[in-house]
Amino acid sequence: MDSVVLLQRQLVDYTAQLFNEGFLDDQFNQLQQLQDESNPDFVVEVVTLFFEDSERLLNELAKALEQQSIDYRKIDAHVHQLKGSSSSIGAQRVQKVCIAFRNYCEERNIEGCQKCLQQVKNEYSLVKTKLETLFKLEQQVLAAGGSIPWPM
């Protein structure tokens, strides 16, 4: 079998796995549909901004939860922002943890907030690794002379 076809199949299978395992949802497909020849790096650029924003927000959340006096409104605002940005790229598992996190903020439950911070850090780290792998697979397909079979 042609190496390009093999790489394309690997890309399709890996992408399907990300959806099946709940890392991504249909919003990611919609993001991909916005990418075209005039802006071939659109998805990578948007996801890279998500990575930068998420890391800043996670650091802000960690600092806020270490304070003597917890400002739950500030924490909730950061979590709300993280929830929105994860939703906009289709990072479903990050978004779901953010929903629970916001509930703990509303209850002013410090233990729940700390637990959710660890969960959201973990889910963010996982989706970041998975998306970086996806983008590497795309680059391999393109480097081999193939095209990306979107939408998947």
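Computed from a predicted structure; not experimentally measured. (Residues numbered from 1 in each chain as written. Predicted model: local features only at pLDDT ≥ 70, side-chain atom pairs only at ≥ 80, totals over all residues. Heavy atoms only, no water.)

**What to know about the overall build of the protein**
Each helix and strand in the protein was counted, giving 6 helices and 0 strands. Its C-alpha atoms put the protein at 60 × 30 × 20 Å along the principal axes. Of the contacts formed within the protein by residues at least 6 apart in sequence, a portion of 67% connects residues at least 24 apart. Of note, the protein has its 15 positive side-chain charges centred 8 Å away from the centre of its 22 negative side-chain charges. (Helix = DSSP H or I, 4+ residues; strand = E, 2+ residues; numbered from the N terminus. Contact = heavy atoms within 4.5 Å. Lys, Arg positive; Asp, Glu negative; His and termini not counted. Charge placed at Lys NZ, Arg CZ, Asp CG, Glu CD.)

**As for the environment of F101**
Among the structural elements, F101 can be located in helix α5 (residues 92-107). In the structure, F101 is positioned 18 residues away from K83 in sequence and 9.7 Å away in space, judged by C-alpha atoms. Setting aside its immediate chain neighbours within four residues, F101 contacts L61, L65, I75, V79, C113, C116, L117 and V120.

**Describing the packing of aromatic side chains**
For the structure on display, the rule yields 3 aromatic pairs. Their ring planes at 50° and their centres at 6.1 Å tell us that F50 and F51 sit as a pair that is tilted. Comparing F50 with F51 shows no difference in burial state: the two are buried. Residue placement shows R93 over the ring face of F23; its charged tip is 3.8 Å from the ring centre. (Phe/Tyr/Trp six-rings, centres within 6.5 Å; stacked < 30°, edge-to-face > 60°. Buried < 20%, exposed > 50% of the residue type's maximum accessible area, 1.4 Å probe, protein only. Lys NZ or Arg CZ within 6 Å of the ring centre and 35° of its normal.)

**Remarks on the UniProt feature "modified residue: Phosphohistidine" (unreviewed entry) in the protein**
With numbering matched to this structure, UniProt assigns "modified residue: Phosphohistidine" (unreviewed entry) to H80. Note on placement: H80 falls in helix α4 (residues 72-89). (UniProt positions renumbered as here; feature names shortened; annotations may be inferred.)

**Quick word on the UniProt feature "domain: HPt" (unreviewed entry) in the protein**
The positions UniProt marks with the feature "domain: HPt" (unreviewed entry) are residues 39-144. Secondary structure content for residues 39-144 is 88% helix and 0% strand, while the C-alpha to C-alpha distance between its ends is 20 Å.

**Some words on the nonpolar core**
Ranked by internal contacts, the top residues of the largest apolar core, which has 42 residues, are V47, I75, F101, V120 and L131. If you list the elements that add at least two residues to this core, you get α1 (3-20), α2 (26-33), α3 (42-66), α4, α5 and α6 (110-143). Those residues within four positions of I75 in sequence are excluded, and the remaining contacts are L61, A64, L65, I70, F101 and C105. (Core = buried A, V, L, I, M, F, W, Y, C linked by side-chain atoms within 4.5 Å.)

**Points about the packing of α4 against α5**
Following both chains from N to C, one finds α4 and α5 inclined at 165°, their axes separated by 9 Å at the closest point. Considering the angle they form, α4 stands roughly antiparallel to α5. Crossing handedness for the pair α4 and α5: left-handed. Contacts from Y72, I75, D76, V79, H80, L82, K83, S86 and S87 in α4 reach V94, Q95, C98, I99, F101, R102 and C105 in α5. For the contact of α4 with α5, the class distribution of residues is 9 nonpolar, 4 polar and 3 charged. (Axes fitted to C-alpha atoms, helices over the stretch in contact; angles between N-to-C directions. Parallel < 35°, antiparallel > 145°, perpendicular 65-115°, else oblique. Left-handed = near helix turned anticlockwise from the far one by under 90°. Nonpolar A, V, L, I, M, F, W, Y, C, P; charged D, E, K, R; others polar.)

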